[in-house]
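Report on the structure
Residue-level listing of the chains:
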Amino acid sequence: MDVARFDPHREDPVPVARVQVAAMEHARTPGPRPNVDTAVWRLRNPFPDLGPAVHWVARAGGEVVGVAVAYFPERENTSSVLLTITVHPDHRRRGAGAALLRAVVAESVARGRTSAEVWQVDEGGPGEAWASSLGFRVGWRTVLQQLDVTDARTDVPVPAGYRFRRWIGAAPDDLVESYARARNAIGDSPLGDAEFEHPEWTVERVREEEAARRRQDVEQLVVVAVHEESGEVAGLTEVETRPTAPTWLMQRDTAVVAAHRGRGLGVAMKAGLLRWVLPERPEVQSVLTGTGSDNVAMQRVNHALGYRDVRTWLFLQREVEGL
Ligand SMILES: CC(C)(COP(=O)(O)OP(=O)(O)OC[C@H]1O[C@@H](n2cnc3c(N)ncnc32)[C@H](O)[C@@H]1OP(=O)(O)O)[C@@H](O)C(=O)NCCC(=O)NCCS
């Protein structure tokens with residue numbers, strides 16, 4: 001077993017993407033049908049705002065059998081490494097996962113990271129058993145929910161006292177400050193025992209994130225509720241498109257500022273976004289979202305819109321020392 005650093009821009013990413021696709025097919029991962037194009041795109045376009053992504057591959061007899069992706073966040077969570085290890089289903093229990101983990105741990109120590117976090121681990125799957133055997137503890141659970149557009153129930157009125165505004169890609173200048181403030185309301189969402197810190201949103205950070213998405217060919221479609229009396233953004237919801245999966249939308253953050261909760265804004269904004277986007281994008285068949293398992297309110301909102309629960313993902317953590 002040979003483990004080496006891997007640069008998806010300079011080396012051929014296809015054999016690595018194939019391992020990821022095989023693992024997703026094996027796990028029947030919800031969402032867009034796994035394909036090599038999407039996996040290559042993600043290898044070359046890491047999640048924005050999580051710091052540099054570092055990759056390693058494991059080879060056996062010259063063949064790529066596993067991949068590790070580690071993020072080293074530089075703003076929040078600066079003592080953490082976020083890692084994902086994926087081994088081809090036909091090559092498991094031969095030490096590839098352990099060898100990749102050793103490489104990630106060495107790099108984490110070199111970068112002064114003290115806490116290791118594995119994410120998007122299927123509850124009840126091999127990753128949970130593997131992580132538990134290493135002493136990782138569950139910090140947080142996410143329920144993945146899927147909406148097939150034929151099931152969508154979007155006929156929800158806009159609550160009195162609010163009007164909706166919408167945009168693609170860039171928040172209008174007259175709203176961006178208030179929008180940045182409202183985005184911080186996501187920081188109130190429950191994260192179980194996870195030590196994960198939410199981002200601190202400012203206008204500058206909103207603009208940086210918008211630019212990062214443009215660079216990755218990701219479209220961001222946003223609906224906000226503006227409180228008519230104050231002109232302030234009271235809540236927001238957003239979906240993203242992925243360039244390689246046009247039949248899917250990814251429902252991202254939905255947040256309502258504390259003073260405006262309990263008035264049905266969450267469900268009304270999500271429904272309003274679907275009423276806008278679905279007729280304009282007839283190719284879209286499904287929407288996928290992840291909701292904290294403690295966040296019963298948001299799960300209910302999603303059920304009311306026609307979403308169903310499809311999977312639970314775990315976020316597990318432990319100290320780097322001793323791994
Ligand atoms: C989890 C995963 C990476 C393990 O890779 P692997 O190459 O099979 O792991 P290793 O061969 O290095 O296993 C090392 C040790 O981990 C533990 N382990 C690994 N897989 C396990 C499983 N399914 N159940 C219980 N323990 C397991 C065992 O102690 C094993 O030692 P052993 O085989 O001598 O008993 C692999 O199953 C995988 O890709 N799963 C899907 C993706 C995922 O969930 N990744 C983990 C989250 S980042």
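Residues numbered from 1 in each chain as written. Predicted model: local features only at pLDDT ≥ 70, side-chain atom pairs only at ≥ 80, totals over all residues. Heavy atoms only, no water.

Regarding the environment of Gly 264
- In this fold, Gly 264 is placed in the loop between strand 10 (248–256) and helix 7 (265–280).
- Taking C-alpha positions, Gly 264 is 36 Å from Asn 45, a pair spaced 219 residues apart along the chain. (Helix = DSSP H or I, 4+ residues; strand = E, 2+ residues; numbered from the N terminus.)

A closer look at the domain arrangement of the protein chain
- One can read the domain layout of the protein chain as domain 1 (2–113) and domain 2 (147–310).
- Placing a centre on the C-alpha atoms of domain 1 and another on those of domain 2 gives a separation of 29 Å.
- Domain 1 puts 16 residues into the contact, and the matching count from domain 2 is 19 residues.
- Where domain 1 abuts domain 2, roughly 1500 Å² becomes buried across the two surfaces, and 54% of that area is made up of carbon and sulfur atoms.
- Considering only the surface of domain 1 that becomes buried against domain 2, Trp 41, Glu 76 and Asn 77 emerge as the three largest contributors, covering 35% of it.
- Linking domain 1 to domain 2 there are 3 salt bridges.
- Between Arg 75 and Glu 208 there is a salt bridge, with its nearest N and O atoms 2.7 Å apart.
- Where domain 1 meets domain 2, there are 7 residue pairs in polar contact (both at pLDDT 80 or more).
- A per-element tally of the side of domain 1 that touches domain 2 places helix 2 (residues 36–44) first, with 4 residues. (Domains from an automatic or database assignment. Contact = heavy atoms within 4.5 Å. Buried area = accessible area lost by both parts, 1.4 Å probe. Salt bridge = Lys/Arg side-chain N within 4 Å of Asp/Glu carboxyl O. Polar contact = N/O pair within 3.5 Å; in protein donor to acceptor, adjacent residues only side chain to side chain.)

Here's the deal with the packing of aromatic side chains
- Counting across every chain of the model gives 5 aromatic pairs.
- Ring geometry for Phe 47 against Tyr 71: centres 6.3 Å apart, planes inclined by 50°, an arrangement best described as tilted. Pair noted here: Phe 47 is in the loop between helix 2 and strand 2 (53–60) and Tyr 71 is in strand 3 (residues 63–71), with a separation of 24 residues, a long-range link.
- Using a relative accessible area of 25% as the deciding quantity, one classes Phe 47 as partly exposed.
- Here the aromatic residues Phe 47, Tyr 71 and Trp 119 are joined through ring pairs into a cluster of three or more.
- Between the NZ or CZ atom of Arg 5 and the centre of the ring of Trp 56, over which it lies, the distance is 5.7 Å. (Phe/Tyr/Trp six-rings, centres within 6.5 Å; stacked < 30°, edge-to-face > 60°. Buried < 20%, exposed > 50% of the residue type's maximum accessible area, 1.4 Å probe, protein only. Lys NZ or Arg CZ within 6 Å of the ring centre and 35° of its normal.)

Some remarks on the sheet that holds strand 5 (residues 115–122)
- Pairing is mixed across the open sheet formed by 12 strands, whose spatial order is 1-2-3-4-5-12-6-11-10-9-8-7. Either end of the sheet is taken by a strand with one partner, and the two such strands are strand 1 (2–6) and strand 7 (162–168). Ignoring strand direction, the axes of neighbouring strands in this sheet form an average angle of 25°.
- Both strand 5 and strand 12 (residues 308–319) contribute to a ladder of 6 bridges, which runs antiparallel. Paired with Val 118 across the bridge in strand 12 is Leu 316. (Pairing = 2+ DSSP bridges. Axes fitted to C-alpha atoms, helices over the stretch in contact; angles between N-to-C directions.)

Looking at the pairing of strand 2
- When strand 1 meets strand 2, the two strands line up antiparallel, connected through 5 bridges. Its bridge partner being in strand 2, Phe 6 is matched across the sheet by His 55.
- Two strands pair when backbone bridges link them, and strand 2 and strand 3 are joined in this way by 8 bridges, in the antiparallel orientation. Bridge pairing in strand 3 places Ala 53 opposite Tyr 71.

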